[in-house]
Amino acid sequence: ELANLMDVPVTQVISTCMSLGMFVSINQRLDAETLTIVADEFGYQVEFIKPEDEQVAELEEPDKEENLVPRAPIVTVMGHVDHGKTSLLDYIRKANVTKGEAGGITQHIGAYLVTLDDGRKITFLDTPGHEAFTAMRARGAKVTDIVIIVIAADDAVMPQTIEAINHAQAAGSPIVFAFTKIDKPGANSDRIREQLANMNILVEEWGGKYQTQEISAKTGENVELLLEKVLLEAELLDLKADPKKRGVGSVIESALDKGRGIVTTVLVQGGTLRVGDPILAGPYSGKVKALINERGERVKEAGPSVPVQILGMSGAPTAGDKLYVMESESEARQVANKRLQLQREQGMRATKHITLDEIGRRLAIGNFKELNIIVKGDVDGSIEALSDALLKLSTDEIQVNIIHKSVGAISESDVLLASASDAIIIGFQVRPTQGARKLAEQEQIDVRLYSIIYDAIEEIKSAMEGMLAPKY
Ligand code: GDP
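These numbers come from a predicted model, not from an experiment.

*Asks:* Help me out: how do you make sense of the overall build of the chain in this one?
*Replies:* Of the regular secondary structure elements, the chain holds 15 helices and 21 strands. For 472 residues, the compact-globule formula gives about 23 Å, and the C-alpha radius of gyration of the chain, at 25 Å, lands near that figure. Along the longest, intermediate and shortest principal axes, the C-alpha atoms of the chain span 75 × 60 × 45 Å. Relative to its full complement of 472 residues, the chain shows a buried share of 49%. Taking the contacts inside the chain whose residues are at least 6 apart along the sequence as the reference set, 70% of them involve residues at least 24 apart. In the structure as shown, the chain presents an accessible area of about 22800 Å², 50% of it carried by carbon and sulfur atoms. Charge centroids of the chain, computed over 51 positive and 70 negative side chains, lie 6 Å from each other.

Okay, here's the thing in structure tokens:
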């Protein structure tokens, strides 16, 4: 098509691509940047017209500076299994709602909002753990502002604690540490501080930047202080939103309810969502029939940082899908139908992630700056050795980042992190689990397995030099 438009033989287009380090077939789609460069070689300028679907992204109205008001921080709780994530969320839910407002939080709708005695508010995502967090991120939704990482003070920094830290850091989210279970004999939070320090995570008490709080989710001791620290972190972020524009948010969960039809929980991120609004989320549309809060009450509207259940979608969108209030119902339906059609044609995902073979091409285009790598291995020693060697491959042009490294098989959580952070995964003497393999295929994540450190380093090095021989 490109050759036709430029009126040159297709072989010339292909050889131009090759000279850019890209081996293409005759009917392969080129991305925007490649198109521009190739056309430039032939003296043409490319003008892009956005497909209608992309214009939808612009249907999110820009914020008006004069309308901006502070909004509540949105918090996710993460940490190792059994360290007390659910207990903390349960305690906060019970303790902070009964005070001010009538009736407690009666429903699990995926998120809840608490109001402290002084009127300040915090929104908690009710699905703890880094998997849910990163799965949303892999779909392009950045919902969480602040992460609380719980570490049981009678236990230690555990593998999932480290995972949680890495996932939060990869997202660029500030972390507040909660040292839990301090009511238990044997609780020793200084031991945890030391373990964190050994990972280069210095807590405030020791001169670092991370706030910590000892708490007990069982007795409730110090939980208020923890929330105080979360709010302090929020102040630094200066979170604001424009409640006057058309509502926009992210889907937290969605399911078919026998009596009520499709029930979708949305966290509003900007604007205000109202009963009667025409809406669009993923390939579905509808009109807001009712809004229900976490107390089971019907409400008329929901503003920024407010979680709310929506009745009235035509189907169940996926967690992480963006929800837009549209101009009209017919417009919402039109875009939804187009998306549905596109999905059918193209399969589920279209986003392209980095692969080693891709590096050469992106280098040629000149927009490749960072290579994110996840390293999994069988023993600590080899993971450290491999990571160090990979970091040293960084050049002035490309920075190598090891965003996560740990002992064990390549897991689904690793693949999600790779997808959310556009990373490749290197397995040294380990393999992906069956679930991880499937997910990697679906998300198109490059997973490379090695049994010799030297091979791994050589291959990454040649890729970074744009010298990797393409695989067919
Ligand atoms: P999660 O897997 O991280 O969600 O952990 P849970 O919240 O389910 O807690 C695991 C276990 O630790 C449960 O038996 C809780 O009752 C207990 N637990 C959680 N927090 C505390 C605490 O602060 N003190 C005590 N004594 N037990 C706790």
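*Asks:* It is not clear to me how the site of the ligand should be interpreted in this structure. Could you clarify?
*Replies:* Inspection of the region around the ligand gives 14 residues, with Asp82, Thr86, Ser87, Asp183 and Ala217 positioned closest. Between the ligand and the protein, one listed contact pairs an oxygen atom with a backbone N or O atom of aspartate 82 at 2.7 Å. Note that an oxygen atom of the ligand is positioned 2.5 Å from one of the side-chain N or O atoms of threonine 86. Starting from 580 Å² of accessible surface for the ligand in isolation, the protein chains cover 71%. For the shell around the ligand, the class distribution of residues is two nonpolar, six polar and six charged.

*Asks:* How should I be thinking about the pattern of salt bridges in this particular structure?
*Replies:* For side chains bearing opposite charge, pairing can occur when the charged atoms are close. Overall, the coordinates contain 21 salt bridges when judged by the stated rule. When the shortest N-O distance is used, the salt bridge between arginine 120 and aspartate 118 registers 2.8 Å. For arginine 120, a relative accessible area of 28% corresponds to the partly exposed category. Each of Asp190, Arg193, Glu205 and Glu214 takes part in one network of salt bridges that share partners.

*Asks:* What is the right way to read the packing of helix H13 (residues 412–421) against helix H14 (residues 434–443) from this model?
*Replies:* Between two packed helices, what matters for the description is the angle formed by their axes and the separation of those axes. H14 packs onto H13 with a crossing angle of 20° between their chain directions and a minimal axis gap of 8 Å. Taken together, the axes of H13 and H14 are roughly parallel relative to one another. H13 and H14 meet at a crossing whose hand is right-handed. Where H13 abuts H14, its residues Glu412, Val415, Leu416 and Ser419 lie against Gly435, Ala436, Leu439, Ala440 and Glu443. Residue composition of the contact of H13 with H14, by class: five nonpolar, two polar and two charged.

*Asks:* Which parts of the structure should I look at to understand helix H8 (residues 189–198)?
*Replies:* One turn of an α-helix holds 3.6 residues; hence residues three or four places apart share an orientation. By the burial criterion, the buried members of H8 are Ser189, Ile192, Arg193 and Leu196. Buried residues of H8, viewed axially, fall in a sector of 100°; they line one side. Here the buried face of H8 lies against strand S5 (146–152), helix H7 (159–171), strand S6 (175–180) and strand S7 (211–214). Structurally, the start of H8 carries an N-cap: the backbone nitrogen of aspartate 190 is 3.2 Å from a side-chain oxygen of asparagine 188. At the C-terminal side of H8, asparagine 200 shows a positive phi close to 70°.

Calculation criteria
- Residues numbered from 1 in each chain as written.
- Predicted model: local features only at pLDDT ≥ 70, side-chain atom pairs only at ≥ 80, totals over all residues.
- Heavy atoms only, no water.
- Helix = DSSP H or I, 4+ residues; strand = E, 2+ residues; numbered from the N terminus.
- Rg over C-alpha atoms; globule rule 2.2 N^0.38 Å.
- Buried < 20%, exposed > 50% of the residue type's maximum accessible area, 1.4 Å probe, protein only.
- Contact = heavy atoms within 4.5 Å.
- Areas by Shrake-Rupley, 256 points an atom, 1.4 Å probe, with all protein chains shown as cover.
- Lys, Arg positive; Asp, Glu negative; His and termini not counted.
- Charge placed at Lys NZ, Arg CZ, Asp CG, Glu CD.
- Near = heavy atom within 4 Å.
- Polar contact = N/O pair within 3.5 Å; in protein donor to acceptor, adjacent residues only side chain to side chain.
- Nonpolar A, V, L, I, M, F, W, Y, C, P; charged D, E, K, R; others polar.
- Salt bridge = Lys/Arg side-chain N within 4 Å of Asp/Glu carboxyl O.
- Axes fitted to C-alpha atoms, helices over the stretch in contact; angles between N-to-C directions.
- Parallel < 35°, antiparallel > 145°, perpendicular 65-115°, else oblique.
- Left-handed = near helix turned anticlockwise from the far one by under 90°.
- Arc of directions from axis to C-beta.

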